[in-house]
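What follows is each chain in one-letter form.
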Amino acid sequence: MINNLNNRGQTLVIFIILLPLVCFIMFFFIQKLMLINEKTYLKSIANDSCNYYLKNNNIDKTIELLKKNDSNLKNIVVNDELDTVMIEFDKEINDLFDFFEDNKIHIKVTCNR
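Student: An account of the pattern of salt bridges is requested, with residue identities and associated values reported.
Tutor: Taken as a whole and judged by the stated rule, the model has 2 salt bridges. For the salt bridge of Lys91 with Asp70, the shortest nitrogen-to-oxygen distance reads 2.6 Å. Within this pair, whereas Lys91 is found in strand 2 (residues 84-92), its partner Asp70 is found in the loop between helix 2 (59-69) and strand 1 (74-80), the two being separated by 21 residues in sequence. Asp70 shares its class with Lys91; the two are buried.

Student: An account of the sheet that holds strand 2 is needed here, citing residue identities and associated values.
Tutor: Taken together, the 3 strands give an open sheet; going across it, the order is 1-2-3, and neighbouring strands pair in antiparallel fashion. If you trace the sheet from one side to the other, it starts and ends with strand 1 and strand 3 (104-112), each paired once. Sheet twist, expressed as the average angle between the axes of neighbouring strands with direction ignored, equals 10 degrees.

Student: Before we move on, could you go through the packing of aromatic side chains and cite the residues and values that matter?
Tutor: In this structure the tally under the stated criterion is 1 aromatic pair. Ring geometry for Phe28 against Phe29: centres 5.5 Å apart, planes inclined by 70 degrees, an arrangement best described as edge-to-face. For Phe28, a relative accessible area of 30% puts it in the partly exposed group. Here Phe29 falls in the partly exposed class, since its relative accessible area comes to 49%.

Student: So what about the pairing of strand 1? Which residues, and what values?
Tutor: Judged from the 5 bridges that link them, strand 1 and strand 2 form a sheet pairing that is antiparallel. Note that in strand 2 the partner of Asp80 across the bridge is Val85. Between the end of strand 1 and the start of strand 2, which pair antiparallel, lie 3 residues.

Student: A description of the nonpolar core should follow, citing residues and the corresponding values.
Tutor: Grouped together as the largest cluster of nonpolar side chains are 18 residues, with contacts concentrated most on Leu42, Leu66, Leu73, Ile87, Phe89 and Ile107. Mapped onto this core, the elements with two or more residues apiece are helix 1 (2-56), strand 1, strand 2 and strand 3. Of the residues forming this core, the biggest block, 6 residues, is contributed by helix 1. Residues contacting Leu42, with those up to four places away along its chain left out, are Asp70, Leu73, Phe89, Lys91, Ile105 and Ile107.

Cut-offs used in this document
Residues numbered from 1 in each chain as written. Predicted model: local features only at pLDDT ≥ 70, side-chain atom pairs only at ≥ 80, totals over all residues. Heavy atoms only, no water. Salt bridge = Lys/Arg side-chain N within 4 Å of Asp/Glu carboxyl O. Helix = DSSP H or I, 4+ residues; strand = E, 2+ residues; numbered from the N terminus. Buried < 20%, exposed > 50% of the residue type's maximum accessible area, 1.4 Å probe, protein only. Pairing = 2+ DSSP bridges. Axes fitted to C-alpha atoms, helices over the stretch in contact; angles between N-to-C directions. Phe/Tyr/Trp six-rings, centres within 6.5 Å; stacked < 30°, edge-to-face > 60°. Core = buried A, V, L, I, M, F, W, Y, C linked by side-chain atoms within 4.5 Å. Contact = heavy atoms within 4.5 Å.

This is the structure in structure tokens:
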């Protein structure tokens, strides 16, 4: 019976030690999924803007459309070449506790005519 009481205390100590580790791992995956979600959203608005440019051929309105969807975009470039249109921009992501070193997302989308 005394041996059984000691195991309960050891289990509690192991649980207390592992709980922060499990929380840290969960935080890591949640943060990574949030970054993936943001990148997917940015690719979506870049594709929509590229298709908009192909229909209207107006660079200023295309950049305005990008900024309307996300006002935090930086270094927006719309490059119109012979057969393709390239839209490129950057966005800094605010992550909690500066967990990831590289919190800048670079998007480059090319549309064919």
